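# Tertiary structure, described
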Amino acid sequence: MSRKRKAESGEVLKIGNKTISLEGYLTKKPKTATSTPSTSTSDNNTPVPSTENETITKDPREFKPSRPLTGDPSLFATRRALPLYLYQDRIRSILSKKDVLVLVGETGSGKSTQVPQFLYQERWCQRRRVKVKTKVLDKEGNEVLEEGGKAKTREETVNVGGVIAITQPRRVAATTLAGRVAKECGTPLDTSGRGTGFKGRGPKGKDGKGSKGGKEGEEWDEENDVVEEMGKNNGGDEEVIEENGNEKKDRKDQEKGLVGYSVRFDHRVPPGTKIKYVTEGMLLQELLRDPHLRQYSAIIVDEIHERSVDVDLLSGFLKQIVTGDKAGRGGIPLKVVVMSATAQVERIKKFFSSDDSLKKGTSGEEVEYLEIEGRQFPVEVIYEPKPVPDIQEALLKTVFKIHTQEPLSDKHGKKDILCFLTGQEEIEAAQRLIEEFAETLDPKVPKVKVFPLFGQLSMEAQHEAFQPIKHPFTRKIVLATNIAETSVTVPGVRYVVDCGKAKVKQYRPRLGMESLLAKPISKSSAIQRTGRAGREGPGKCFRLYTADTFATLPKTDLPEILRTDVLGAVLTMKARGIDDVLSFPLMDRPELEAVENALVHLHVLGALGDDGRITDTGRKMVLFPVTAPYARVLLAAADPRYDCLLEAIDIISCITAGDDIFMQVRSEEDKEAVDVYRKELQRREGDLITYLNTMQRFVSTPSADRGTFCKQRRINVRNMRQALNIRKQLRSLSVKNKMLDAESLMPDAEVTYQPVSPETAERILKAFLKGFAMKTAVLAPDASYVTAHGKHVVAIHPSSSLHGVKREAIMFLEHVYTQKNYAKKVSAIQAGWIAEALAA
DNA sequence: GAGCACTGC
């Protein structure tokens, strides 16, 4: 499995004895240096010229909006108070002339809710019927050529525009924002009685509004037990009403609903929807069937500063549409509003300008920029005078300095403390220290109550951190990971203590594995943490590092695309018609080596052919909302040779449902009791067959007993529900793609549990090897496991049922460097199966 | 003997 690359040319890749030609898709060298990730973010340090900043006086007489608000009058006052209110004419006027607007606005400016409402009645936002020329494609999706080599086209009449999409990085944000805006528009989304049965990550959504669906706590909710039928509610997208601006029509639209949302497992797009909140991934998925985004007049990309892989890819596709010839949209431009909480304006402006303007030296003139002040209270920042040797000690000192010297509350409310730490271990150690020290305090000093807050905690435990404290004379201290930086808002916080570090996942292309280590945070992350103290009143932020250290921090975080395996990103591009992935416009380009590794890996998986183009297999793979190796497993499992698709779906559902469905057990006594039940589920074949066993046992358990089933085995109900949703989605996609016969599916209630035979287990593991042959290791004479690919020593992670067990060979689905080089999700295999899986 | 945070028709 060794890989050799021709040193002198980048045009050919060799894998074993195979040669893949890179011609046609590795034609161009990237424009920016790719040797180190940091060089590609070089304009981080370029100060933004102040002349660029649109400064607008805030005299309401001068900028009184020319149009009255519409919608629910009871919400007018709140909307008028938003900083953004005064900018609506300006925003409308900019977008009537230009196609791209970069809008920088801090949290609380109202940009996510107000901007689409300013725009949806604009003339350019109406749906139109136009003639377009479409390329004729053959069955495989390749262009049909006319004589002379030109692509064959045919003329069609299509609808273009009418809808504004607003993208969000998270589901909760998309659904809560849609709910809020629908209410403001006077066309509330009725979300009652919708049994999607699971909720967002935290008790509070991003903007401090409660998330919805499902009830609080970890109990299995029988009412929500039945998951919603896929695709039932997403039929409204195509029925956009012809818009001609008369009042009667407007009223009709209001009855039908102006606002909708579309996130995985949950679609609410009423007929007549003009404003649609979507997750970034959802819009990428839409791009697969509609490359010109014809349904939309505008795309608003919100929270672009978070720089997920999805938003980076989306930006690339949007740039192509905006700066392209627009023939696919019948000449109608697509307007793009890019919204960010932090100013990386130059970079974004340059990115969305056409390359021609760069050559002419008129960079960015097609792109307008507007900055809007936020609504934050001032926060005083206090640094350590010199570097602290021990973070726990520094934390303890600072927390009790605040506690003993600062008031418990003021006219703005409670004055609680939020501490940012790196992980669970650090949080638990700090909790013990603080609680011990609090015992020694004078009884005249107020009491403290400590709440840990990290993702792996149960819903109930997370919820506690959000509740106002009941006891009088007590201060709340929340010890949180990064979860409190973007995902949730803890109310009542007026003091922030920031340790200056966070655990970040980083992919190492050379090793083919990822690491999870604590690293210094960026300036913008530090500022974000500080801001958490100023949501409800003036606050203070204690940074447990020096001002000099702050000055050395990188300006922004490394975007995710430079930190993860680009396998998925490359396949996403290939499937959307990008043959030359290296010349695809990206704000930050991954290292060449990372892209090459991804291409080779995709070739091994059979998603790319020897010519580097996407194969039939690759095209089938992208239809499934799982990573490429899992998609490959599904295709293999549907093959009569392996014939285990339902089993593979059960396993993949469990594994991709967020964090492990098995929660960790904290106390020793609990552990003993839980292990009795868990042991029953475990199989000697390893973790995969254990997951299968768990899912099969779960679905054959009567609804009424499922709560007990989960409780006894400490199964995370939220993740289990997610697993059921994924299972349902993968099953229905398999039927749709003719890999599964709908008739053969039995309702779960009618299936009696029977453990899989060792023969079936073998077929399942062999099907998984089709996606994970690269992630295998063989037992060496010294009793360590050595990877087949790269010859690294790996240890089996303690969370695996095979931890401490020696087998001939193993397959693992995850490979993470933390304390050690760990293999996770491990199965026992035979060494001979590896070669078998690699042979076509 | 160990687990930053998100997400996908």
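Quantities reported herein were computed from a predicted structural model and do not represent experimental measurements.

### A look at the overall build of chain A
- Along chain A, the regular secondary structure elements total 26 helices and 28 strands.
- For chain A, the proportion of its 840 residues judged to be buried stands at 52%.
- Pairs at least 24 residues apart make up 74% of the contacts formed inside chain A by residues separated by at least 6 positions.
- Surface exposure of chain A reaches about 37900 Å², of which carbon and sulfur atoms provide 50%.

### Some thoughts on the pattern of salt bridges
- All told, the structure shown has 30 salt bridges when counted by the stated rule.
- Ionic pairing is found between R697 and E680, a salt bridge with its closest N-O pair at 3.5 Å. Of this pair, R697 sits in helix 22 (residues 687-699) while E680 sits in helix 21 (residues 668-681), and the two are 17 residues apart along the sequence.
- E680 gets classed as partly exposed once you look at its relative accessible area, which sits at 43%.
- Within this structure, R307, D312, R347 and D588 form a network of salt bridges that share partners.

### Quick notes on the environment of K401
- Secondary-structure assignment places K401 in helix 10 (residues 391-405).
- If sequence neighbours within four positions are ignored, K401 has contacts with E406 and F542.

### Some thoughts on the sheet that holds strand 9 (residues 266-268)
- Spatial ordering of the open sheet is given by 9-8-10-7-11-12-4-13, a layout of eight strands whose pairing is mixed. Every other strand in the sheet has two partners, leaving strand 9 and strand 13 (367-372) as the edge strands with one partner each. Strand-to-strand twist in this sheet, taken as the mean axis angle between neighbours without regard to direction, amounts to 20 degrees.

### Remarks on the side chain of T113
- Within the secondary structure, T113 is located in helix 3 (residues 111-119).
- The class for T113 is buried, based on a relative accessible area of 10%.
- There is a polar contact of 3.2 Å between the side chain of T113 and the backbone oxygen of G110.
- Those residues in contact with T113 that lie beyond four places of it in its chain are L82, L177, R180, V181 and Y277.

### Topic: the sheet that holds strand 23 (residues 539-543)
- The six strands are arranged 14-23-20-17-19-18 in an open sheet whose pairing can be described as parallel. Two strands lie at the open edges of the sheet, namely strand 14 (379-383) and strand 18 (447-453), each paired on one side alone. Sheet twist, expressed as the average angle between the axes of neighbouring strands with direction ignored, equals 20 degrees.
- Bridge count between strand 17 (residues 416-420) and strand 20 (residues 493-498): five bridges; the pairing is parallel. Considered in strand 20, the bridge of L418 is made with V496.
- Packed onto the sheet, helix 11 (residues 424-439) meets strand 18 and strand 19 (474-480) and runs at close to 175 degrees relative to strand 18.

### Considering the pairing of strand 20
- Along strand 20, six of the six residues are buried, which leaves the element largely enclosed by surrounding structure.
- Relative to strand 23, strand 20 runs parallel, the two being bridged by four bridges. Residue pairing for strand 23: V497 is matched across the bridge by F542.

### Some details on unusual backbone geometry
- Although it is not a glycine, F473 adopts a positive phi angle of roughly 60 degrees.
- Here F473 is to be found in the loop between helix 12 (459-464) and strand 19.
- In the Ramachandran plot, K791 falls in the positive-phi region, its phi being about 55 degrees despite a non-glycine side chain.
- On the secondary structure map, K791 appears in the loop between strand 25 (785-787) and strand 26 (793-796).
- A relative accessible area of 61% means that K791 is categorised as exposed.

### Notes on helix 7 (residues 309-323)
- Helix length check: helix 7, at 15 residues, gives a terminal C-alpha distance of 21 Å against a target of 21 Å (1.5 Å per residue), a fit within 8%.
- Among the 15 residues that make up helix 7, twelve are buried, leaving the element largely enclosed by the rest of the structure.
- Taken residue by residue, helix 7 has V309, V311, D312, L313, L314, S315, G316, F317, L318, K319, I321 and V322 as its buried positions.

### Some words on the confidence of the model for chain A
- Per-residue confidence for chain A gives a mean pLDDT of 82; residues scoring 70 or more make up 83%.
- Scored below 50 in pLDDT, residues 20-61 makes 83 contacts in the model with residues more than four places away or belonging to other chains.
- Taken as a whole, residues 192-217 scores under 50 in pLDDT and shows 82 contacts with residues more than four places along the chain or in a different chain.

### Quick word on the packing of helix 20 (residues 645-655) against helix 25 (residues 758-772)
- Here helix 20 crosses helix 25 at 65 degrees, and the two axes come no closer than 10 Å. Taken as a pair, helix 20 and helix 25 cross one another with a handedness that is right-handed. Counting all contacts with helix 20, which are made through E647, A648, I651 and I652, the residues of helix 25 involved are T760, I764 and F768.
- Considering only residue class, the contact of helix 20 with helix 25 consists of five nonpolar, one polar and one charged.

### Things to note about the packing of aromatic side chains
- Using the criterion set out here, one finds eight aromatic pairs in the structure.
- Ring centres of F317 and F584 lie 4.8 Å apart, and the angle between their planes is 55 degrees; this geometry places the pair in the tilted category. Of this pair, F317 sits in helix 7 while F584 sits in the loop between helix 16 (567-575) and helix 17 (592-604), placing them 267 residues apart in sequence.
- Consider the rings of Y383 and Y545, whose centres lie 6.4 Å apart with planes at 65 degrees: the pair is edge-to-face. Note that Y383 is positioned in strand 14 and Y545 in the loop between strand 23 and helix 15 (547-552), a separation of 162 residues in sequence.
- Positioned over the ring face of F351 is K319, at 5.2 Å from the centre of the ring.

Conventions and cut-offs
- Residues numbered from 1 in each chain as written.
- Chains lettered and ligands numbered in written order.
- Predicted model: local features only at pLDDT ≥ 70, side-chain atom pairs only at ≥ 80, totals over all residues.
- Heavy atoms only, no water.
- Helix = DSSP H or I, 4+ residues; strand = E, 2+ residues; numbered from the N terminus.
- Buried < 20%, exposed > 50% of the residue type's maximum accessible area, 1.4 Å probe, protein only.
- Contact = heavy atoms within 4.5 Å.
- Areas by Shrake-Rupley, 256 points an atom, 1.4 Å probe, with all protein chains shown as cover.
- Salt bridge = Lys/Arg side-chain N within 4 Å of Asp/Glu carboxyl O.
- Pairing = 2+ DSSP bridges.
- Axes fitted to C-alpha atoms, helices over the stretch in contact; angles between N-to-C directions.
- Polar contact = N/O pair within 3.5 Å; in protein donor to acceptor, adjacent residues only side chain to side chain.
- Expected span 1.5 Å × (residues − 1).
- pLDDT = per-residue confidence, 0-100.
- Left-handed = near helix turned anticlockwise from the far one by under 90°.
- Nonpolar A, V, L, I, M, F, W, Y, C, P; charged D, E, K, R; others polar.
- Phe/Tyr/Trp six-rings, centres within 6.5 Å; stacked < 30°, edge-to-face > 60°.
- Lys NZ or Arg CZ within 6 Å of the ring centre and 35° of its normal.

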